[in-house]
Amino acid sequence: MNIYQNIVSAKKEGKKLLAVLIDPEKMDLKHIPCFFEKIHNSIATHIFVGGSTDKDNQTESVVMEVKKETNLPVILFPGDVSQITNKADGILFLSLLSGRNPEYLIEQQIKAAPILKNAPLEIIPTGYILIDGKKETATQKVSNTKPISQEKTTRILHTSLAGEFSGKQLIYLEAGSGATQVVSQNIIEMVSNKITVPLIVGGGIHTKKQLEDAFNAGADIVYKTSRIWSGYLHLSLNCHITQRCCINKIPKVLLWISKIPGDIHMVVDRECGSTPAY
């Protein structure tokens, strides 16, 4: 499996790709089979696994369970060197270009190098750029860096170009999974028109329109998280799309990235006091 060449080929052919990001800290292993029943009825093309932290060292266990359920490429999206496992298919070898903390510019990469040297993972050098999504993200807290304001378009462009010129094979514009403001279409279009490598965009994308806007502006891959809120929303094992799911007034949620127009996110029961379905 040559993951990167497939991404490049898709870009040349104008095919858009959708990655689903699974955070090991927020995914219960027993929910993975049900989760992938929905994924396989969706437009998803890639699975990213990782998060800013993994306090319980669940990454490898999650990857192994995911690999049992899918033939989609499983790519590590590690917050640090501790999240590397050779059970995946590949790894985004991230450098946090938007910040100036050497730990995430190069130190973590140096620590990872001897592990990756003999690992059977496809290594994809990736320039990771935090864009201000109007909400502090876990990455900001962990890396002790600030995102680039969306008003500083020239800086975002120059950072993206510097990433490509320094050998990054992907550029990743990240507003953060809890972002209240997505990366703007103007920024996506500007960066996409100037770089030659594939562009990943994510953070705060919840609706069909937001997804289409990102693709139409030039994103080659859009990522969406496996849940919209951390902590108390869990995948339902027993509910169907047309059923209400409410247990002790805590909403249960189905991931529904469907091929049906307009139905690309999560359906949450309104009577549980949760957000409207898209």
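See the structure shown above.
Here goes a summary of the coordinates provided.

What counts as what
Residues numbered from 1 in each chain as written. Predicted model: local features only at pLDDT ≥ 70, side-chain atom pairs only at ≥ 80, totals over all residues. Heavy atoms only, no water. Helix = DSSP H or I, 4+ residues; strand = E, 2+ residues; numbered from the N terminus. Buried < 20%, exposed > 50% of the residue type's maximum accessible area, 1.4 Å probe, protein only. Contact = heavy atoms within 4.5 Å. Axes fitted to C-alpha atoms, helices over the stretch in contact; angles between N-to-C directions. Parallel < 35°, antiparallel > 145°, perpendicular 65-115°, else oblique. Left-handed = near helix turned anticlockwise from the far one by under 90°. Nonpolar A, V, L, I, M, F, W, Y, C, P; charged D, E, K, R; others polar. Core = buried A, V, L, I, M, F, W, Y, C linked by side-chain atoms within 4.5 Å. Pairing = 2+ DSSP bridges. Right-handed = clockwise from strand over helix to strand, strands pointing away. Phe/Tyr/Trp six-rings, centres within 6.5 Å; stacked < 30°, edge-to-face > 60°.

## Considering the overall build of the protein
Here comes step 1: Of the regular secondary structure elements, the protein holds eight helices and twelve strands.
Here comes step 2: Across the 278 residues that make up the protein, the buried fraction comes to 54%.
Here comes step 3: When contacts within the protein are restricted to residue pairs at least 6 apart in sequence, those whose partners lie at least 24 apart make up 67%.

## Regarding unusual backbone geometry
Here comes step 1: In this model, Asn57 sits at a positive phi of 55°, which is unusual for a non-glycine residue.
Here comes step 2: One can find Asn57 in the loop between β2 (46-49) and α3 (59-69).
Here comes step 3: Phi angles above zero are rare outside glycine, and Lys134 is one such case at about 70°.
Here comes step 4: Relative to the elements of secondary structure, Lys134 occurs in the loop between β5 (122-130) and α5 (138-143).

## Thoughts on the packing of helix α7 (residues 185-194) against helix α8 (residues 208-217)
Here comes step 1: Put simply, α7 and α8 touch, their axes get as near as 8 Å, and they point 30° apart. If you check the angle between α7 and α8, you find them roughly parallel. Relative to α8, α7 is oriented so that their crossing is right-handed. Residues Gln185, Ile188, Glu189 and Ser192 of α7 pack against Asp213, Ala214 and Ala217 of α8.
Here comes step 2: Here the contact of α7 with α8 is built from residues that sort into three nonpolar, two polar and two charged.

## Some remarks on the nonpolar core
Proteins that are soluble and globular tend to have nonpolar side chains buried together.
Here comes step 1: Residues Phe48, Leu92 and Leu173 are the most contacted members of the largest nonpolar core, which totals 50 residues.
Here comes step 2: Examining the composition of this core, we find that five residues originate from one element, helix α1 (residues 3-13), more than from any other.
Here comes step 3: Those residues in contact with Leu173, other than ones at most four positions away along the chain, are Ile129, Ile131, Ile156, Ser160, Val183, Ile187, Val191, Leu199, Ile200, Val201 and Gly202.

## Thoughts on the pairing of β5
Here comes step 1: Taken across its nine residues, β5 has seven buried, putting it largely inside the fold.
Here comes step 2: Sheet topology note: the strand β4 (residues 90-96)/β5 ladder contains seven bridges and is parallel. Paired with Leu96 across the two strands is Tyr128, which belongs to β5.
Here comes step 3: For the handedness criterion, the β-α-β arrangement of β4, helix α4 (residues 102-117) and β5 is classed as right-handed.
Here comes step 4: Of the strand pairs in this sheet, β5 and strand β6 (residues 170-174) are connected by five bridges, and their pairing is parallel. Paired with Leu130 across the bridge in β6 is Glu174.

## So, the sheet that holds strand β8 (residues 221-225)
In any sheet, the strands associate via hydrogen bonds between backbone groups, in a parallel or an antiparallel arrangement.
Here comes step 1: The strand order around the closed barrel formed by eight strands is β1-β2-β3-β4-β5-β6-β7-β8, and the pairing between neighbours is parallel. Strand after strand, the sheet turns through a mean of 30° between neighbouring axes, direction not considered.
Here comes step 2: Contacting β1 (17-22) and β2, helix α2 (residues 32-39) crosses the sheet at an angle of about 165° to β1.
Here comes step 3: In the packing of α4 onto the sheet, contacts are made with β4 and β5, and the angle to β4 comes to roughly 155°.

## Description of the packing of aromatic side chains
The geometry of two aromatic rings is summed up by the distance between their centres and the angle between their planes.
Here comes step 1: All told, the structure shown has six aromatic pairs when counted by the stated rule.
Here comes step 2: Seen in terms of ring centroids, Phe35 and Phe36 are 5.2 Å apart; in terms of plane orientation they differ by 80°. Their pairing is edge-to-face.
Here comes step 3: The buried category is assigned to Phe36, whose relative accessible area is 1%.

## Some thoughts on the environment of Lys67
Here comes step 1: One can find Lys67 in helix α3.
Here comes step 2: Classification of Lys67 by relative accessible area gives partly exposed; the value is 32%.
Here comes step 3: With 20 residues separating them along the chain, Lys67 and Lys87 place their C-alpha atoms 8.2 Å apart.
Here comes step 4: Residue contacts for Lys67: discarding those within four places in its chain leaves Val74, Lys87 and Asp89.

Geometric values such as these leave the question of function open.
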